[in-house]
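# Inside the fold
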Amino acid sequence: MECTTCLPTPGRIDRPHTFFAHQMGNCATCGAAIEGRVVLRDAGVVMLKHCLTCGPSEETLSDDATAWVADFLARGDVPDDLPGDHLFKQTTSTCPTCLALTPADVVLRGGKVYFKKSCAACGPSEALVSENARYYVRAYAFARAGTEPLKFAAPVEHGCPTDCGTCGDHEQHTCLPIVEVTDHCNLECPICIVNNQYANHIEPETFAKIVDTMIANEGQCESIALSGGEPTSHPRILDLIDIANRDQIGRVVVITNGLRLGRDRAFAAALKARGAYVALQLDGFTADTHEKIRGRDLCAEKDAALRVLKELQIPTQLIFVAARGVNEHQIGRVVDLLLSEDHILSLSFQPAAFTGFGGGTFAHDPMDRLTIPGVIQAVEEQTAGRLKMSDFSPLPCSHPQCVSLTYLLRLPDGQHLPFARFVDFTKHGSLLRSSATLGASPEIHDTLHEVIHDVFARQDEIPHGPEILKALRRSLDVMFPDRALGNKEAVRIGEQQAKSIFLHHYMDRHDFDLERLRKCCHHYPQVDGRIMPACGFNMFHRGAAKGPDTPVATWGKRPWTPASPDAPVRLTVVG
Amino acid sequence: MGLLLEGRAALVTGATRGLGRAIARTLAREGADVAFNYTRSDDEAAALVEEIRGHGRRALPFKVSVLDKPAVLKMVQEIDKSWGQIDVLVNNAGVGQVVPLALMEEEDWDRMMSVNVKGAFLMSQAVLRPMIRARRGRIVNISSLAGVKMMQAPVHYSAAKAALRGFTEALAKEVGRYGITVNCLAPGILEEGVSVNLPPPKLDEYLRNCALGRVGTFAEIAEVVAFVAADRNSYMNGATVVLDGAV
């Protein structure tokens, strides 16, 4: 259950520091106000600055990282019932009206977290960022050094986000490349976060170049995702899967609404024959939720897709976009589905992001929306406590505010037990570097041994202690046999040992946080060779941050546009 | 400096006779409460209890085979419950048998490996639970010179004692992160050990090749066990200490 792409592949190394947060500062030379990267390095805390006039510089903030982090976290120790706003930190967000990059105060108010912004052109605005201030503040304790790709796709010239992507100042490699292979679709989803033009299918040769680039940049990838549009609309989708089926790529995932799967069994069988994985959008189980999220009643189509996936035992991930007041009451049901079917390996909740052709204009209240802790709370309430808030942890692979997750160990009797019930993630953080599944890596091997010893020693105190040990023994036997495992085989074996539930909150114009973008690990590789962090691309390049026809930043570059060395690249106001 | 094992709790296997008894006695003298197992004489066990108590220490005897896993687990749980800790395990229990390979029965081999190796495995696995919880511990395995040097010794005995050395090294690597050390002692011929059964020419040959010109004593080995098991011995891990007077 480890992100094999986050592990040191030959030649790939961890960053020399742990990226922690953004903080406002001044250039030591010209005094200009700039936003710096606060990193933990050795035992100290350093702010890394990039002044557009004077270039890079550093400022030591503390010689005692442990004490500095403790003080930082203590700023968030505010009782829920204490009146007023309490400044926790500052960052850079966007004006929801003009999309300009805007300083934002991160404030705690009534147990929740809000951005307070003031755009010089449009005036003040506020947005809810987290429904649980404690969860939000605690997430910073999970900060962990990222991993460098073998090479970056862009030089550092003008700073984040202008240099995307990704530049040498980006703090995480590409854990998950999401390739938009078409901008055709067979639905018009009210929550769509892209901006389909019905004009492009990627050429196989171009796609092959992207795959080559990813392998050159990363060495190996745990997964590569084919998205769109609706990727099954691509007339040569199977050829694309064949191209991506390389030894260096653990799994090829097709992110789909499932319509074609349900009506075209031969196509589903072809996916199965190629060893492809399916990430099925499944946002509900009733006509009304489908209509609100996807534009029409899809109950029959989704059932048909689920049937063929089960019949063919195609490894499946479910994607549930959760929106306040729309489908949050069906969260428990999708968890039940995950736990009831062996071929469903993971579940990804995505609290709705209000960006894109549909999402940009989707009815919403930026002060009352679902965020990660809200979805987790719903999971707890709707699974009768089988899963609890405490079973979930922020994922330090990405920025810890972007993704949370839980792993569920399959016990010998077929039940699933959250890892957090027997793993102390403050000690065994390497298990959280991951994406979808445990990987057979040396680091995971060592960590599993420590976990096993911990459970072994406390087996009389931990519920299901002996069963956990049997399950871990099974996992060790198959994940670390006395023979070498290939990347694909290791991924496949690992994913059978535990299921996972991820919560990934993509950003929009309300809650955009440049600090989070800095460590984004879900990237859109572009036809021009750039590797674009997903939310940066959605905000500044796609041209749909507020719905269709949103102006693109002057330095922005739309999808499907070829490389142009003369394109202007400079930080400026968007809109 | 004070006693080596003041406030510690030790478990010694095969402790009612020979080297085991000397070890139990010495650990008690150095301040440890001593639990032990035995399989034969209740009288010898009672005498050892009195001896341990004579040092002002607590004693817990268990008539349990090291090959009886449920009984071993229960024994360890009782010690842990009674004393709240198990700091030291000495895997001393073992058997010897003089028989050439040509006459060795499969049962001989199995018995040798079981008592000398499997017993250490079961005992160590059992005590590791409280030791890992406590993030401390000392495991001392009693091997033999026959397990580390080429000697005229029975094949199964040498193999079993050599296995203990490998067991020691691997376990030391596995549990060192919890502050638990695992070491091994490899005594040469001792005054009342297998030397009793040695033909005089072989004993003479040993003595001729031993720099000290004599066999060792149980007490000498027990003194080293006490030190190896002590907190003062803090950086020795995965080691095999040969105690043979320089053969």
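Residues numbered from 1 in each chain as written. Chains lettered and ligands numbered in written order. Predicted model: local features only at pLDDT ≥ 70, side-chain atom pairs only at ≥ 80, totals over all residues. Heavy atoms only, no water.

## Overview of the sheet that holds strand E1 (residues 18-26) of chain A
All names here are of chain A. Strand order across the open sheet formed by four strands is E1-E2-E3-E4, with antiparallel pairing between neighbours. The sheet terminates laterally at E1 and strand E4 (55-62), the two strands that pair on one side only. With direction set aside, neighbouring strand axes in the sheet form an average angle of 30°. Packing of helix H1 (residues 65-74) onto the sheet brings it into contact with E1, strand E2 (33-41), strand E3 (44-51) and E4, and relative to E1 it is tilted by some 75°. (Pairing = 2+ DSSP bridges. Helix = DSSP H or I, 4+ residues; strand = E, 2+ residues; numbered from the N terminus. Axes fitted to C-alpha atoms, helices over the stretch in contact; angles between N-to-C directions. Contact = heavy atoms within 4.5 Å.)

## Some remarks on the nonpolar core
Among soluble globular proteins, nonpolar side chains are generally buried collectively. Of all hydrophobic cores here, the largest spans 63 residues; its most connected members are A:Phe422, A:Ile468 and B:Leu11. Setting aside its immediate chain neighbours within four residues, A:Ile468 contacts A:Leu409, A:Leu411, A:Leu417, A:Phe422, A:Val455, A:Ile462 and A:Pro463. Within the second largest apolar cluster, 58 residues are counted, among which are A:Leu240, A:Ile241, A:Ile249 and A:Leu387. (Core = buried A, V, L, I, M, F, W, Y, C linked by side-chain atoms within 4.5 Å. Buried < 20%, exposed > 50% of the residue type's maximum accessible area, 1.4 Å probe, protein only.)

## Concerning the packing of helix H4 (residues 237-244) of chain A against helix H6 (residues 265-273) of chain A
All names here are of chain A. Taken N-terminus to C-terminus, the directions of H4 and H6 make an angle of 5°; their axes are 11 Å apart at the nearest point. Viewed along their axes, H4 and H6 adopt a mutual orientation that is roughly parallel. Across the interface between the two elements, Ile237, Leu238 and Ile241 from H4 touch Phe267, Ala270 and Leu271 from H6. Per-class residue counts for the contact of H4 with H6 are six nonpolar, no polar and no charged. (Parallel < 35°, antiparallel > 145°, perpendicular 65-115°, else oblique. Nonpolar A, V, L, I, M, F, W, Y, C, P; charged D, E, K, R; others polar.)

## Overview of the interface of chain A and chain B
By a frequent convention, interface size equals the accessible area lost on bringing the separate parts together. The interface is formed by twelve residues belonging to chain A together with eleven residues belonging to chain B. Taken together, the two surfaces of chain A and chain B that pack against each other cover about 940 Å², and 50% of this comes from carbon and sulfur. For the chain A face of the interface with chain B, the top three residues by lost area are A:His453, A:Phe456 and A:Ala457, together amounting to 57%. Linking chain A with chain B are three salt bridges, by the criterion used here. The salt bridge partner of B:Arg177 is A:Glu450, with a shortest N-O separation of 3.2 Å. Where chain A touches chain B, the interface holds seven residue pairs in polar contact (both at pLDDT 80 or more). A breakdown of the residues in the side of chain A that touches chain B according to their chemical character gives two nonpolar, three polar and seven charged. (Buried area = accessible area lost by both parts, 1.4 Å probe. Salt bridge = Lys/Arg side-chain N within 4 Å of Asp/Glu carboxyl O. Polar contact = N/O pair within 3.5 Å; in protein donor to acceptor, adjacent residues only side chain to side chain.)

## Observations regarding the pairing of E3(A)
All names here are of chain A. Along E3, seven of the eight residues are buried, which leaves the element largely enclosed by surrounding structure. Taken together, the five bridges between E2 and E3 define a ladder with antiparallel strand orientation. Bridge pairing in E3 links Val39 to Val46. The antiparallel pairing of E2 with E3 creates a hairpin that spans two residues between the two strands, and Asp42 there sits at a positive phi of about 55°. With seven bridges joining them, E3 and E4 adopt antiparallel strand pairing. Bridging from a neighbouring strand, Met47 pairs with Glu59 of E4. What sits between E3 and E4 in their antiparallel hairpin is a turn of three residues.

## Observations concerning the pattern of salt bridges
Residue and element names in this part refer to chain B. Applying the stated criterion to the full structure yields 50 salt bridges over all chains. Linking Arg21 and Glu51 is a salt bridge whose minimum nitrogen-to-oxygen distance equals 3.4 Å. Placement of Arg21 in helix H1 (residues 18-29) and of Glu51 in helix H2 (residues 42-54) is noted, with a sequence separation of 30 residues between them. With a relative accessible area of 16%, Arg21 lands in the buried category. For Asp80, the salt bridge goes to Arg133, with nearest N and O atoms at 2.8 Å. One end of the pair, Asp80, is in helix H3 (residues 69-83); the other, Arg133, is in helix H4 (residues 106-134), with 53 residues separating them in the sequence.

## Notes on the packing of H1(B) against H2(B)
When two helices pack together, you describe them by how their axes are tilted relative to each other and by the distance separating the axes. Residue and element names in this part refer to chain B. Two elements in contact, H1 and H2, have axes whose closest approach is 9 Å; the angle formed by their N-to-C orientations is 20°. Between H1 and H2, the crossing angle belongs to the class labelled roughly parallel. For the pair H1 and H2, the crossing hand works out as right-handed. Side by side, H1 and H2 meet where Arg21, Ala24, Arg25 and Ala28 of the first sit next to Glu44, Ala47, Leu48, Glu51 and Ile52 of the second. Considered class by class, the residues forming the contact of H1 with H2 number five nonpolar, no polar and four charged. (Left-handed = near helix turned anticlockwise from the far one by under 90°.)

## A short note on the sheet that holds strand E6 (residues 101-109) of chain A
Sheet strands pair via backbone hydrogen bonds, and the direction of the pair is either parallel or antiparallel. Residue and element names in this part refer to chain A. The strand order across the open sheet built from four strands is E5-E6-E7-E8, with neighbouring strands paired in antiparallel fashion. Two strands lie at the open edges of the sheet, namely strand E5 (86-94) and strand E8 (123-130), each paired on one side alone. On average, adjacent strands in this sheet sit at an angle of 30° to one another, irrespective of strand direction. Alignment of strand E7 (residues 112-119) against E8, held across seven bridges, turns out to be antiparallel. Bridging across to E8, Phe115 finds its partner in Ala127.

## Remarks on the pairing of E8(A)
In terms of burial, E8(A) is largely enclosed, as six of its eight residues are buried. Once E7(A) ends, the chain turns through three residues before running back antiparallel as E8(A).

## Some words on the environment of A:Glu489
Along the chain, the position of A:Glu489 falls in helix H14 (residues 487-495). Considered as a pair, A:Glu489 and A:Tyr506 are 17 residues apart in the sequence and their alpha carbons are 30 Å apart.

## What to know about the packing of aromatic side chains
Any two aromatic rings considered together are summarised by their centre-to-centre distance and by the angle between their planes. Residues and elements named next belong to chain A. Per the stated rule, a full pass over the model turns up 17 aromatic pairs over all chains. Arranged with centres 5.6 Å apart and planes meeting at 75°, the rings of Phe20 and Trp68 form a pair that is edge-to-face. Linking Phe20 in strand E1 with Trp68 in helix H1, this pair joins segments that are 48 residues apart in sequence. Between the aromatic rings of Tyr524 and Phe537, the centroid separation amounts to 5.6 Å while the plane-to-plane angle is 65°, which identifies the pairing as edge-to-face. A residue pair is termed long-range when its members are at least 10 positions apart, and Tyr524 in strand E19 (residues 522-525) and Phe537 in helix H16 (residues 534-540) qualify at 13 residues. The ring of Tyr114 is capped by Arg109, whose NZ or CZ atom sits 4.5 Å from the centre of that ring. (Phe/Tyr/Trp six-rings, centres within 6.5 Å; stacked < 30°, edge-to-face > 60°. Lys NZ or Arg CZ within 6 Å of the ring centre and 35° of its normal.)

## Some thoughts on the side chain of A:Glu230
Residue and element names in this part refer to chain A. Tracing the backbone shows Glu230 in the loop between strand E10 (221-227) and H4. The charged side chain of Glu230 is buried without a salt bridge, its nearest counter-charge being Lys302 at 7.6 Å. At 2.6 Å, the side chain of Glu230 forms a polar contact with the side chain of Thr256. From its side chain, Glu230 meets the backbone nitrogen of Asn257 in a polar contact 2.9 Å long. Once residues lying within four places of it in the same chain are set aside, the contact partners of Glu230 are Thr182, His184, Cys185, Asn186, Ile255, Thr256 and Asn257. (Lys, Arg positive; Asp, Glu negative; His and termini not counted.)

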